[in-house]
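# Geometric and topological summary
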Amino acid sequence: MSPSQQPLIDNQAEVSNFMKSGFPYHIIIPAVFISVMVFSSCDNTIQPFEDEDAVLSIYGYFKLSDSTHYIRVRDINQPLEVEATKELDADVTLENLENGNIMSLNGHTELMGELYAHNFPVDKPVQPRTKYRLTAENPDGKKAVSYATTPPFTQAEALQVDEHCTTEVEVIFPEVEKSSRLRTRVGFYYSNNFYSLGYHPEENDDGISSIQFEPQGLINIIFMDEFELWHHPYENPPVRCNELDKDHFRIEYRHYGPEWDGYRIPVSPVESIDVKRGLGFFGAFYDNLYDVPVDTAFVY
């Protein structure tokens, strides 16, 4: 399988960066953009609100390894002005649809740029393999509702270990239902740096999501140009496995829940039409690392 230069969500940065202080200013949706998207589409095949009036936007995600999660809610009908965004009159609740537990969320307001943002922290760990319903209701009783389904604590497994550096390694992810929900990177440590490439998982002959890579081949792809790779990839590699800092290759992977199906990752709030009476996106994912040992003493 050919590795891809496309990073795992910008090396796991694009989504996680904005969680440090809630959500970034750029995901607050301009009202004019919403109007153009909803009412002025020439194709008009996407109708986010159909016969219902949009009420509230919901945007956020659950990361299973985090102890605190953040959901942003905004009144879509308020103009994007400082005073208009300062207050949000809405009750926000989160329901675990497996056990029926309902949690009322208390929001906090934060000035981001020239507008106020309203973030609702969920300060309890969420459960794997669980569907959640998030509801935001305004004083008129109108609700915006969205759902997120958490994946399992996904495990990886290498089918070959302690093999020569030129032996192809297959790593499987048995708990991943669809390979399209999985993002992976494979990397190694060399000269006090970590080098990695993204790999696109596929179903193997047994129908299990997997990736395949050759350790020395991955090193060559990173350090050799296309001409060298094509004409003599193993004659004089610039770096050999026995020169690496550590005797393993690291797999970084992220397993997304089904709500991410069909969307680019990360999802922009204006891409999703899954929020009833609203706009935005609500999903979940699980991150983990897996180390594959390789025979770094072998030199061909």
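One structure accompanies this document, and this report is about it.

## Overview of the state of the cysteines
Cysteine pairs can be covalently joined through their sulfur atoms, and such a bond is termed a disulfide. Enumeration according to the criterion identifies 1 disulfide in this entry. A sulfur-sulfur separation of 1.3 Å characterises the disulfide bridge that pairs Cys165 with Cys241. One end of the pair, Cys165, is in the loop between strand E9 (157-158) and strand E10 (169-173); the other, Cys241, is in the loop between helix H5 (226-231) and strand E15 (248-256), and 76 residues separate them in sequence. Judged by its relative accessible area of 1%, Cys241 is buried.

## So, the sheet that holds strand E3 (residues 91-96)
The strand order across the open sheet built from 4 strands is E4-E3-E7-E8, with neighbouring strands paired in antiparallel fashion. One side of each edge strand has no neighbouring strand; the edge strands of this open sheet are strand E4 (102-105) and strand E8 (143-149). Taken pair by pair, the neighbouring strands of this sheet meet at an average axis angle of 20°, ignoring direction. Here E3 pairs with E4 via 4 bridges, running antiparallel.

## Side note on a negative patch on the surface
The grouping of Glu83, Glu87, Asp89 and Asp91 at the surface amounts to a negative patch. Among the structural elements, Glu83 can be located in helix H3 (residues 82-86).

## Looking at the environment of Thr296
With respect to the element layout, Thr296 can be found in the segment after strand E16 (278-293). Accessibility expressed as a relative area gives 18% for Thr296, which makes it buried. On a C-alpha basis, the gap between Thr296 and Leu244 in space is 7.3 Å, while along the polypeptide they are 52 residues apart.

## Some points on the pairing of E8
Most of E8 is tucked away: 5 of the 7 residues are buried. Relative to E8, strand E7 (residues 131-137) runs antiparallel, the two being bridged by 7 bridges. Its bridge partner lying in E8, Arg133 is registered against Tyr147. Here E7 folds back onto E8, and the loop between the two strands holds 5 residues, one of which, Gly141, carries a positive phi near 85°.

## Topic: the pattern of salt bridges
For the coordinates displayed, the defined rule picks out 8 salt bridges. A salt bridge links Arg181 to Asp261; the shortest N-O distance between them is 2.8 Å. Taken as a pair, Arg181 in the loop between E10 and strand E11 (182-190) and Asp261 in the loop between E15 and E16 lie far apart in primary sequence, 80 residues in all. With a relative accessible area of 9%, Arg181 lands in the buried category. For Asp261, a relative accessible area of 29% translates into the label partly exposed. Residue Asp287 pairs with Arg254 through a salt bridge whose shortest N-O separation is 2.5 Å. Placement of Asp287 in strand E16 and of Arg254 in strand E15 is noted, with a sequence separation of 33 residues between them.

## Let's talk about the sheet that holds E10
In sheet architecture, strand pairing relies on hydrogen bonds along the backbone and comes in two forms, parallel and antiparallel. Taken in spatial order, the 4 strands line up as E9-E10-E14-E13 in an open sheet, and their pairing is antiparallel. In this open sheet, the two edge strands, each paired with only one partner strand, are E9 and strand E13 (202-203). Of the pairings in the sheet, the one linking E10 to strand E14 (residues 209-213) comprises 5 bridges and is antiparallel in character. Paired with Glu170 across the strands is Gln212, a residue of E14.

Definitions and limits used
- Residues numbered from 1 in each chain as written.
- Predicted model: local features only at pLDDT ≥ 70, side-chain atom pairs only at ≥ 80, totals over all residues.
- Heavy atoms only, no water.
- Disulfide = S-S within 2.5 Å.
- Helix = DSSP H or I, 4+ residues; strand = E, 2+ residues; numbered from the N terminus.
- Buried < 20%, exposed > 50% of the residue type's maximum accessible area, 1.4 Å probe, protein only.
- Pairing = 2+ DSSP bridges.
- Axes fitted to C-alpha atoms, helices over the stretch in contact; angles between N-to-C directions.
- Patch = residues over 30% accessible without salt bridge, like charges linked within 9 Å, V, L, I, M, F, W, Y side chains within 5 Å.
- Areas by Shrake-Rupley, 256 points an atom, 1.4 Å probe, with all protein chains shown as cover.
- Salt bridge = Lys/Arg side-chain N within 4 Å of Asp/Glu carboxyl O.
- Lys, Arg positive; Asp, Glu negative; His and termini not counted.
- Charge placed at Lys NZ, Arg CZ, Asp CG, Glu CD.

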